[in-house]
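Take a look at the letters that make up each chain.
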Amino acid sequence: MIISVASGKGGTGKTLVAASLALSLKDTYKVQLLDCDVEEPNDHIFIKPDITRSEAVSIPVPAIDEKKCTHCGKCAEVCAYNAIAVVAEHVLTFPELCHGCGACSYLCPEKAISEIPNTIGKIETGEADGIIFGHGMLSIGQPMAPPIIRKVKTLIDKERTVIIDSSPGTSCPVVEAIKGSDFCLLVTEPTPFGLNDLILAVETVRQLGVPFGVVLNRIGVGDSKTEEYCAKENIPILLTIPLDTEIARLYSRGIPLVEGMPDWKSKFRELFDNIKEIVDEGSRSLKR
Amino acid sequence: MKEVVVLSGKGGTGKTSIIGSVAVLSRKRVLADCDVDAADLHLLLDPSIEEKHEFRSGQVAVIDKDKCTQCGLCQELCRFDAIKDYTVDPISCEGCGFCSHICPADAIVMEECKAGDWFVSSTKHGPLVHARLGIAEENSGKLVALVRQQAKEIAKKKELNYIISDGPPGIGCPVISSLSGASLALIVTEPTLSGIHDLERVLGVCKHFGVPAIVCINKYDLNEENTASIREYCQKNGVDVAAMIPFDNEVTEAMVRGMTVVEHSDGRVAKEIKSLWQKIEQKLQG
Amino acid sequence: MKILITSTAPNLDAEIDPRFGRCQYFIIVDPDTMEFESLENSSMTAGGGAGISAAQSITDKGVEAVLTGSCGPNAYRVLSSAGIKIITGVTGKVKDAVENYKSGKLTASSQPNVNAHFGSGRGMGGGGGQGRT
């Protein structure tokens, strides 16, 4: 089963939930934690895995064989990203604009274009006390997160309970991370910002057709509008976490909630059981 | 005209709350919400929308079922696995157009898609340009650029001194797009290990694009040890820590009432934000 | 020899469009006769790499110089590869710019005058192109 952890708003506690869930389940299940927030990955701070393997992630970009090139301009014409320009006797390439679609090399009538890798980030894998861990990291100054997220997701081990931590928001990197999950946990807080962004996140997961539920973090601050919204929309609130400076302090020191306050383990196991029930029920009703 | 963009790397560090207050404190400014993915600034500023425009961007492949001979070449060549059973999944499609060029039956066309909306609003704290990217849309970088462009034009037309932008979290495409060419980046961080990790990365992006940066440590008293190491890191890297804001529930209380902190109270958070804005103004003029 | 000016409208009395890649019109003028033709810039709304695509579209127009407000590194690279001089920081009316060019008041820039506007419409693949050091 693949559970993704997402949120419209940043800083609501995605990492806290993903890391705590992984640590609470590791004694009972085979767990894999994949951090797909490749712009700002943080799960490793809490899980502290031994990283045993690191691999560069690259996309294929064009390399022009000047000897074969006739400057016909076909490559520039077909490139949707303006990553190639042909002027007079020169072919100029702009690797940072390239999405690696391969159109130029395939369509070059002279077969003058080959592809070379352009590194945009890396993935790292390892283990932390029984949890198989993987994350991706976008290189500074590189814009394209989705290829790295796709690479992290190739690590998915279907035999395991997989927890995917996504980046905040609702745009392409988030969709790339959540896509294909059996369940999505949306972490939010009971504030106007939290609610506004939750509504956007709900639209996103509904569009993807992934079943979902809410974790409400920092209860006690803010108002009751988020709970009212969930009730009205029939969205289950699967876990609530109070506003507690002790929890915040643990987080600030990189200590997972369930380690600093072990009582929380049973709550996260319960959360998982509830998710399982929803997912099983969903697949039963599909079979019917 | 000077443009300050507020970034954080990590989400939820209090960027938008601080910008809301800065909006109140500053004069002759236009506000730009560049967090087009999950925009919140409007919740504090009670804008009335004056203009609404469609944002069209990107292309998506569409297969004409009548012409398609189901040869499968497009499926085989698509690098983004966006075509299955001779149907394009618009979410996976990157709009490269490769398939449309190679389809032997000429059955694939590229269509432009609506990717969101952008707005010009008026607020009692000056004009606000904001946007809403469609769900699961790409090209947020382009929409961010558009929001900034519009803000710049408004600033020019109305002879305003400042553009104040709320940047998106992260370090990827939309962040780079909101940062390039700005006069100053204010990075709002928090004294958590995640916050520090992300601060280092976002400062790296500022440096990469040659934008000077200053740092504000929000909720600094949450972990004084981490606060000290942030200060040390900043000092070593020649980055000014311009403000240290204490943790206080008045920030959330203000948010719940739909107000900015400086309007809501005159407490310690408000005082620190006031001094922060003074420092930013000095930086921008000096 | 002809020169090209980025313009906000298709005539010589128009204001110069300060952006090269996303300008509204290109005006190609013969400074000696002041004969001109105007072209719409189809790259204005490009998803990404507008400067590259705009530059590419004019390299076969036989112009010796481009007069504009600002030009990023990608467009600069394409134009200079085509042997076209780039003059940036030009403001005011198109026809005045032509006069100034004729009288030698404008000099070519030796480098792009704006950073890669990474993302000014580059979408996901936004790239800083060659402007980085």
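The following paragraphs examine the structure supplied in this document. (Residues numbered from 1 in each chain as written. Chains lettered and ligands numbered in written order. Predicted model: local features only at pLDDT ≥ 70, side-chain atom pairs only at ≥ 80, totals over all residues. Heavy atoms only, no water.)

## Examining the overall build of chain B
What counts, and what does not: The secondary structure listing takes helices from DSSP runs of H or I that are at least 4 residues long and strands from runs of E that are at least 2 residues long, numbered from the N terminus. When a residue's accessible area, from a 1.4 Å probe over protein chains only, is under 20% of the maximum for its type it is buried; when over 50% it is exposed; and in between it is partly exposed. All accessible-area figures derive from a Shrake-Rupley calculation using a 1.4 Å probe, and residue coverage is judged against the displayed protein chains alone. Only four residue types enter the charge count: Lys and Arg as positive, Asp and Glu as negative, with His and the chain ends excluded. For the purpose of locating charges, the reference atoms are NZ of Lys, CZ of Arg, CG of Asp and CD of Glu.
When helices and strands are tallied, chain B shows eleven helices and eleven strands. When the 286 residues of chain B are sorted by exposure, 61% land in the buried category. As displayed, chain B offers around 11200 Å² of accessible surface, 46% of which is attributable to carbon and sulfur atoms. Each charge sign in chain B was given a centre, from 32 positive and 40 negative side chains, and these centres are 6 Å apart.

## Description of helix α7 (residues 193–208) of chain B
All names here are of chain B. Put simply, the test is: To estimate how far a helix should reach, multiply one less than its number of residues by 1.5 Å.
Over its 16 residues, α7 runs 23 Å from end to end, which matches the ideal 22 Å to within 8%, given 1.5 Å per residue. Buried within α7 are the following residues: S194, G195, I196, H197, D198, L199, R201, V202, L203, V205 and C206. Just downstream of α7 lies G210, where phi reads positive at about 65 degrees.

## Thoughts on the side chain of E3 of chain B
All names here are of chain B. Put simply, the test is: Any pair of nitrogen or oxygen atoms within 3.5 Å is treated as a polar contact; in protein, a donor-acceptor pairing is required on top of that, and neighbouring residues in sequence qualify only through side-chain atoms on both sides. Any two residues whose heavy atoms approach within 4.5 Å are treated as being in contact.
Along the chain, E3 turns up in strand β1 (residues 2–7). Judged by relative accessible area, E3 falls into the buried class, the value being 4%. For E3, the side chain forms a polar contact with the side chain of R148, separated by 2.8 Å. Once you skip the residues sitting within four places of it in the chain, E3 turns out to touch R148, K152, I163, S165, A182, S183 and L184.

## Some words on the sheet that holds strand β7 (residues 126–133) of chain B
Whenever strands of a sheet pair, they do so through backbone hydrogen bonds, lying parallel or antiparallel. All names here are of chain B. Applicable threshold: Two strands pair under a simple rule: DSSP has to find at least two bridges between them. Angles shown run from 0 to 180 degrees and are taken between the N-to-C directions of axes, each axis being a line fitted to C-alpha atoms and, for helices, limited to the stretch in contact.
Taken in spatial order, the nine strands line up as β3-β6-β7-β2-β8-β1-β9-β10-β11 in an open sheet, and their pairing is mixed. Here the strands that pair on one side only, and so sit at the sheet edges, are β3 (48–63) and β11 (240–245). Adjacent strand axes in the sheet meet at a mean angle of 20 degrees when their direction is disregarded. Sheet topology note: the strand β10 (residues 213–218)/β11 ladder contains five bridges and is parallel. Residue pairing across strands places N218 opposite I245, the latter belonging to β11. The strands touched by helix α1 (residues 15–25) within the sheet are β1, β2 (29–33), β8 (162–166), β9 (184–189), β10 and β11, with β8 carrying the most contacts at an inclination of about 160 degrees. Set on the sheet, helix α5 (residues 140–157) makes contact with β1, β2, β3, β6 (108–123), β7 and β8; between it and β7 the angle comes to about 165 degrees.

## Some thoughts on helix α8 (residues 225–233) of chain A
Residue and element names in this part refer to chain A. The cut-off we apply is this: Note that the arc is defined by the directions from the helix axis to the C-beta atoms.
Among all positions of α8, only T226, Y229 and C230 are buried. The arc enclosing the buried residues of α8, seen along the axis, measures out at 95 degrees, which places them on a common side. Away from the buried face of α8 by more than 90 degrees, exposed residues A231 and K232 are located. Buried positions along α8 lie against β9 (183–188), α7 (192–208), β10 (212–219) and β11 (237–242). Taken from the residues just after α8, N234 is the one with a positive phi, measuring 60 degrees.

## Quick look at a negative patch on the surface
All names here are of chain A. Rules: Two distance rules govern patches: like charges are joined within 9 Å, and nonpolar side chains (Val, Leu, Ile, Met, Phe, Trp, Tyr) within 5 Å, applied only to residues with over 30% relative accessible area and no salt bridge. In the sections that follow, a salt bridge refers to a side-chain nitrogen of Lys or Arg positioned within 4 Å of a carboxyl oxygen of Asp or Glu.
The grouping of E270, D273, E277, D280 and E281 at the surface amounts to a negative patch. Here E281 shows up in helix α11 (residues 264–287). Classification of E281 by relative accessible area gives partly exposed; the value is 46%.

## Digging into the nonpolar core
Cut-off, in case you're wondering: Nonpolar core, defined: a set of buried Ala, Val, Leu, Ile, Met, Phe, Trp, Tyr and Cys residues in which side-chain atoms within 4.5 Å join the residues together.
Counting 94 residues, the largest nonpolar core has L179, A185, I187 and V215 of chain B together with F20, V78 and L79 of chain C as the members making the most contacts within it. When residues in this core are grouped by element, the largest group, six residues, is from α7 of chain B. For L179 of chain B, the contacting residues outside a window of four places in its chain are V5, L7, R148, A185, V205, C206 and V211 of chain B. Counting residues in hydrophobic clusters, the runner-up holds 36 residues, among them V187, L238, L239 and L257 of chain A.

## Focus: the interface of chain B and chain A
Put simply, an interface is often sized by how much accessible area is lost when its parts join up. Note the threshold: Take the accessible area each of two parts loses on contact, using a 1.4 Å probe, and add the two losses: that sum is the buried area.
Contacts between the two partners involve 58 residues from chain B, matched on the other side by 59 residues from chain A. The contact between chain B and chain A buries some 4800 Å² in all, and 60% of this surface belongs to carbon and sulfur atoms. Counting every contact that joins chain B to chain A gives two salt bridges. When the shortest N-O distance is used, the salt bridge between R79 of chain B and E115 of chain A registers 2.8 Å.

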